[in-house]
Amino acid sequence: QEVGHGTTSVVIVASELLKRGNELVMQGIHPTSVINGYKVALKEAVRYIKKNLTIPLEKLERSNLIMAARTSMNSKLIGPDSLHFAEIAV
């Protein structure tokens, strides 16, 4: 199964963060406080991901690594040869 590179998701999340941050600023919250809040949220998100959503490398099969490499290299330029380059990378 092929997974996209996530550009659309990143743009949607970023625009929502900007929208919500702007709403807070319009309510009188200083932009520095909004940014500091985002930094706290980032640290918590990273902590949660590391604790709950990661898999140790030793538990992954080679095929999982190849699929991850293919996904990260997927583009119009390399797309047709992504399996070849993924096997080289892994």
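Basis of the calculations
- Residues numbered from 1 in each chain as written.
- Predicted model: local features only at pLDDT ≥ 70, side-chain atom pairs only at ≥ 80, totals over all residues.
- Heavy atoms only, no water.
- Salt bridge = Lys/Arg side-chain N within 4 Å of Asp/Glu carboxyl O.
- Helix = DSSP H or I, 4+ residues; strand = E, 2+ residues; numbered from the N terminus.
- Axes fitted to C-alpha atoms, helices over the stretch in contact; angles between N-to-C directions.
- Parallel < 35°, antiparallel > 145°, perpendicular 65-115°, else oblique.
- Left-handed = near helix turned anticlockwise from the far one by under 90°.
- Contact = heavy atoms within 4.5 Å.
- Nonpolar A, V, L, I, M, F, W, Y, C, P; charged D, E, K, R; others polar.

Caption draft 1: Molecular detail of the pattern of salt bridges. Taken as a whole and judged by the stated rule, the model has 2 salt bridges. Arg-47 serves as the salt-bridge partner of Glu-44, at 2.6 Å between the closest nitrogen and oxygen. Here Glu-44 and its partner Arg-47 are both found in helix H2 (residues 31-52), 3 residues apart, which amounts to about one turn of the helix.

Caption draft 2: Representation of the packing of helix H3 (residues 62-73) against helix H4 (residues 82-89). Here H3 crosses H4 at 120°, and the two axes come no closer than 8 Å. On the basis of their axis angle, the class for H3 and H4 is oblique. Handedness of the crossing formed by H3 with H4: right-handed. Residues Arg-62, Ile-66, Ala-69, Arg-70 and Met-73 of H3 lie in contact with H4, whose contacting residues are Ser-82, Leu-83, Phe-85, Ala-86, Glu-87 and Ala-89. When its residues are assigned to classes, the contact of H3 with H4 shows 7 nonpolar, 1 polar and 3 charged.

In short, the description is geometric, and any link to function would need to be established separately.
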